[in-house]
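# Working through the structure, step by step
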Amino acid sequence: MILPYPEQAIARRSFEPFSAPVHPLVRKAREVAASTLPTMVLVGALLLFWQLLCASPDANFPSPVKVWEESHDVIMHPFKGVEMGLTHFSIQDGGDVGIAGHVLTSLSRVLIGYSIASVFGVALGILIGQSVLAFRALDPLFQVLRTVPPLAWLPISLAIFQQAQPSAIFLIFITAIWPVILNTAAGVQTIPPAYRNVAKVLALNPIEYFVRIMLPATVPHMFTGLRIGVGMSWLAIVAAEMVQGGTGVGFFIWDSYNSSLLTDTIVALVWIGMVGFTLDRIVAFAGRIIGREG
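Residues numbered from 1 in each chain as written. Predicted model: local features only at pLDDT ≥ 70, side-chain atom pairs only at ≥ 80, totals over all residues. Heavy atoms only, no water.

### Quick word on the nonpolar core
Grouped together as the largest cluster of nonpolar side chains are 52 residues, with contacts concentrated most on Ile-99, Tyr-114, Tyr-209, Leu-226, Trp-234, Ile-237 and Val-249. Those elements that place two or more of their residues in this core are α5 (99-130), α6 (132-145), α8 (164-189), α10 (206-244), α11 (249-258) and α12 (262-293). Broken down by element, this core gets its largest block of residues, 13 residues, from α8. The contact partners of Tyr-114, leaving out residues within four places of it in the chain, are Ile-172, Ala-176, Leu-226, Arg-227, Gly-229, Val-230, Ser-233 and Val-283. (Core = buried A, V, L, I, M, F, W, Y, C linked by side-chain atoms within 4.5 Å. Buried < 20%, exposed > 50% of the residue type's maximum accessible area, 1.4 Å probe, protein only. Helix = DSSP H or I, 4+ residues; strand = E, 2+ residues; numbered from the N terminus. Contact = heavy atoms within 4.5 Å.)

This is the structure we're talking about:
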């Protein structure tokens with residue numbers, strides 16, 4: 001008598017058919033859609049809720065449709081009055097300047113102040129992370145100074161520099177440097193002892209130790225501080241420009257408020273959020289590149 005082979009065993013031995021290869025561009029498009037579609041749906045839902053909530057003519061807050069109608073020129077012509085070059089830009093004096101011109105002015109100040117804070121912050125963080133004596137001497141001072149609100153430094157900076165531009169750069173510097181120092185120091189202090197022992201065995205000089213051991217080990221902590229610092233820099237410059245006036249996105253917001261142009265203020269807030277998001281992603285991308293190279 002011949003017994004049939006069990007069907008369940010046959011099913012277990014069968015393999016699922018292979019899916020057809022997907023083109024790299026199609027795969028990339030699916031990845032982009034999967035990462036952006038939920039955000040776009042959420043933003044659309046929020047805009048719809050905002051429109052339904054503020055659609056009444058008696059509403060004190062403008063709806064998205066009203067923002068588009070009243071600030072159409074600001075939205076569609078952001079670079080009005082701005083001449084862009086390959087390495088520089090210029091803004092006309094005494095004229096009507098678009099929102100992008102004010103944003104570029106603020107970004108130029110942030111770039112200078114944040115760059116100085118990054119260099120000094122990383123250097124001081126490495127110092128107090130490596131030296132116990134420096135940590136005991138400087139850490140309490142840094143902990144006190146970092147709790148001072150950014151705008152509290154503005155009168156001091158104006159008294160020292162007597163001008164709006166350098167005082168704004170100093171305000172960015174003094175705001176951004178503390179997270180860079182503290183996170184860099186934490187990264188240096190958490191380097192595994194095995195790494196230090198390997199450096200001693202290989203007799204690495206200070207430069208080789210920094211490049212091969214310290215930098216790769218502290219990049220995550222360091223760029224965490226740099227990402228926090230760039231966000232705080234952007235917040236500080238907007239607040240400073242609102243107080244001291246002149247030019248910049250903070251001045252644009254305050255001027256729009258004084259002119260009862262609330263819709264222009266909302267457009268400026270969107271620009272501020274998008275620029276801050278972009279700055280954070282740029283610093284995070286640089287951290288991934290440097291960490292990968294290390």
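From this point, things continue past the structure.
### A look at the packing of helix α9 (residues 193-201) against α10
Between α9 and α10, the shortest axis-to-axis distance is 11 Å and the interhelical angle comes to 175°. Relative to α10, α9 is oriented roughly antiparallel. Each of Tyr-195, Arg-196 and Ala-199 in α9 lies in contact with α10, whose residues at this interface are Tyr-209, Ile-213 and Ala-217. For the contact of α9 with α10, the per-class residue count stands at five nonpolar, no polar and one charged. (Axes fitted to C-alpha atoms, helices over the stretch in contact; angles between N-to-C directions. Parallel < 35°, antiparallel > 145°, perpendicular 65-115°, else oblique. Nonpolar A, V, L, I, M, F, W, Y, C, P; charged D, E, K, R; others polar.)

### Side note on the environment of Ser-108
Following the sequence through the fold, Ser-108 ends up in helix α5. Relative accessible area serves as the criterion here: at 27%, Ser-108 is assigned to the partly exposed category. Each C-alpha atom of the pair Ser-108 and Gly-248 lies 9.7 Å from the other, and the pair is 140 residues apart in sequence. A distance of 2.6 Å separates a polar atom in the side chain of Ser-108 from the backbone oxygen of Thr-105. (Polar contact = N/O pair within 3.5 Å; in protein donor to acceptor, adjacent residues only side chain to side chain.)

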